[in-house]
Amino acid sequence: MKAEEIEKHKQLIDKMSVLEMAALWRFAPSGHKYFRRDEPEIGEYFSRRFHELGGMTPAISKIIGW
């Protein structure tokens, strides 16, 4: 991913709520660009931001379901 694309995705991640992030964390299809090992910068950014917002809690888990 190019630097411009990475920055764009970081801005999108910054706009996401913790619920949106939790749903993506749980339901993203295999190979989603935020969770691929070959794109560690964006994945690490997503993970850090998600955990800063509180991460997956039991209450959030119940809200988003399975």
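Look a little higher up for the structure.
Right, let's walk through the structure included here. (Residues numbered from 1 in each chain as written. Predicted model: local features only at pLDDT ≥ 70, side-chain atom pairs only at ≥ 80, totals over all residues. Heavy atoms only, no water.)

### Focus on a nonpolar patch on the surface
Together, W25, F35 and M56 make up an exposed nonpolar region whose accessible area comes to about 260 Å². Along the polypeptide, W25 turns up in helix α2 (residues 18-27). (Patch = residues over 30% accessible without salt bridge, like charges linked within 9 Å, V, L, I, M, F, W, Y side chains within 5 Å. Areas by Shrake-Rupley, 256 points an atom, 1.4 Å probe, with all protein chains shown as cover. Salt bridge = Lys/Arg side-chain N within 4 Å of Asp/Glu carboxyl O. Helix = DSSP H or I, 4+ residues; strand = E, 2+ residues; numbered from the N terminus.)

### Quick word on α2
Looking only at α2, the buried set comprises M21, A22 and L24. Along the axis of α2, the buried positions cluster into a sector of 165 degrees, meaning they face one direction only. The secondary structure elements touched by the buried residues of α2 are α1 (3-15), α3 (40-52) and α4 (58-64). (Buried < 20%, exposed > 50% of the residue type's maximum accessible area, 1.4 Å probe, protein only. Arc of directions from axis to C-beta. Contact = heavy atoms within 4.5 Å.)

### Observations regarding the packing of α2 against α3
Contact pair α2 / α3: the axes reach a minimum separation of 10 Å and the direction vectors enclose 130 degrees. Relative to α3, the element α2 is oriented oblique. By crossing handedness, the relation of α2 to α3 is classed as left-handed. Every residue of α3 that contacts α2 at V18, M21, A22, L24 and W25 is listed here: F46, S47, R49, F50 and H51. Class assignment for the residues of the contact of α2 with α3 results in seven nonpolar, two polar and one charged. (Axes fitted to C-alpha atoms, helices over the stretch in contact; angles between N-to-C directions. Parallel < 35°, antiparallel > 145°, perpendicular 65-115°, else oblique. Left-handed = near helix turned anticlockwise from the far one by under 90°. Nonpolar A, V, L, I, M, F, W, Y, C, P; charged D, E, K, R; others polar.)

### As for the environment of I63
With respect to the element layout, I63 can be found in helix α4. The spacing of I63 and A22 is 41 residues in sequence and 9.8 Å in space, taken between C-alpha atoms.

### Structural notes on the pattern of salt bridges
A complete count under the given rule lists three salt bridges for this structure. Here R49 ties to D14 by a salt bridge, and the two come within 3.8 Å at their closest N and O atoms. In this pair, R49 sits in helix α3 while D14 sits in helix α1, placing the two residues 35 residues apart along the sequence. With a relative accessible area of 22%, R49 lands in the partly exposed category. For R36, the salt bridge goes to D38, with nearest N and O atoms at 2.8 Å.

### A word on the packing of α1 against α3
Relative to each other, α1 and α3 sit at 15 degrees, their axes nearing to 10 Å. In terms of axis orientation, α1 runs roughly parallel to α3. With respect to the hand of their crossing, α1 and α3 are arranged in right-handed fashion. On α3, the residues touching I6, H9, K10, I13 and D14 of α1 are E41, I42, Y45, F46 and R49. Tallied by class, the residues present in the contact of α1 with α3 amount to five nonpolar, one polar and four charged.

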